[in-house]
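Summary of the model geometry
Read off the chains here:
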Amino acid sequence: MKKDFKIQRSITFYEKSGETLIGERILLEEDFPLLELKRMFETSEKDPLLYEQYNINKEMANRIANMIDFSFDFDKYEYFFETFNVDVDLEIGNGVRSKDH
């Protein structure tokens, strides 16, 4: 039986002093259409669906924070935009998940 997948995008945040994943904020397509994301991250033709990992700088963080309820703390964490496939039947929501939950 073939599984169906959907694209899930998120902001992931890692500790600054290492590579430990602290958590992620799931992004909804309604909040961040693909064309808007492509403009924000200045993507190349080689990555049409944004599967590469993109660093989020403070300027981008300000734009993102104006669109969703999320606070960035660049003194503690490094932030990235990531895209991955998830099972279409999996309900993820749009909340913040930490590595311990």
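Described in the following lines is the structure provided in the data block. (Residues numbered from 1 in each chain as written. Predicted model: local features only at pLDDT ≥ 70, side-chain atom pairs only at ≥ 80, totals over all residues. Heavy atoms only, no water.)

Turning to unusual backbone geometry, a few remarks are in order. Of note in the backbone geometry, Glu42 takes a positive phi value of approximately 45° without being a glycine. Turning to its location among the elements, Glu42 is positioned in the loop between α1 (34-41) and β3 (54-55). What makes Glu42 exposed here is its relative accessible area of 71%. Positive phi, close to 65°, is recorded for Leu50, a residue that is not glycine. Within the secondary structure layout, Leu50 lies in the loop between α1 and β3. Classification of Leu50 by relative accessible area gives buried; the value is 0%. (Helix = DSSP H or I, 4+ residues; strand = E, 2+ residues; numbered from the N terminus. Buried < 20%, exposed > 50% of the residue type's maximum accessible area, 1.4 Å probe, protein only.)

As a further point, take the nonpolar core. Core analysis: the biggest nonpolar cluster contains 20 residues, and Ile11, Phe41, Ile56, Ile64, Phe72, Tyr79 and Phe81 have the highest contact counts within it. Mapped by element, the contributors of at least two residues to this core are β1 (5-15), α1, α2 (58-65) and β4 (77-87). Those residues within four positions of Ile64 in sequence are excluded, and the remaining contacts are Ile11, Phe32, Met40, Ile56 and Phe72. (Core = buried A, V, L, I, M, F, W, Y, C linked by side-chain atoms within 4.5 Å. Contact = heavy atoms within 4.5 Å.)

For β4, the buried fraction is high: eight of the eleven residues fall into the buried class. Judged from the eleven bridges that link them, β1 and β4 form a sheet pairing that is antiparallel. Bridging from a neighbouring strand, Gln8 pairs with Phe84 of β4. With two bridges connecting them, β3 and β4 associate as antiparallel partners. By the bridge assignment for β4, Tyr54 is matched with Phe81. (Pairing = 2+ DSSP bridges.)

What follows covers α1. Here α1 has its buried residues at Leu37, Met40 and Phe41. All buried residues of α1 project into a common sector of 80° when viewed along the axis, lining one side. Exposed residues on α1 whose side chains face more than 90 degrees from its buried face are Leu35 and Arg39. Turning to α1, the residues buried within the fold contact β1, β3, α2 and β4. Phi turns positive, to about 45°, at Glu42, one or two residues after α1. (Arc of directions from axis to C-beta.)

For the rest of this paragraph, the subject is the pattern of salt bridges. This model, assessed by the stated rule, comprises three salt bridges. Put simply, Glu36 and Arg39 hold a salt bridge, and the shortest N to O gap is 3.5 Å. Taken together, the positions of Glu36 and Arg39, both in helix α1 and three residues apart, correspond to about one turn of that helix. Given the relative accessible area of 56%, Arg39 is considered exposed. Between Glu36 and Arg63 there is a salt bridge whose closest N-O contact spans 3.2 Å. Of this pair, Glu36 sits in helix α1 while Arg63 sits in helix α2, placing them 27 residues apart in sequence. For Arg63, a relative accessible area of 33% puts it in the partly exposed group. Through salt bridges with shared partners, one network takes in Glu36, Arg39 and Arg63. (Salt bridge = Lys/Arg side-chain N within 4 Å of Asp/Glu carboxyl O.)

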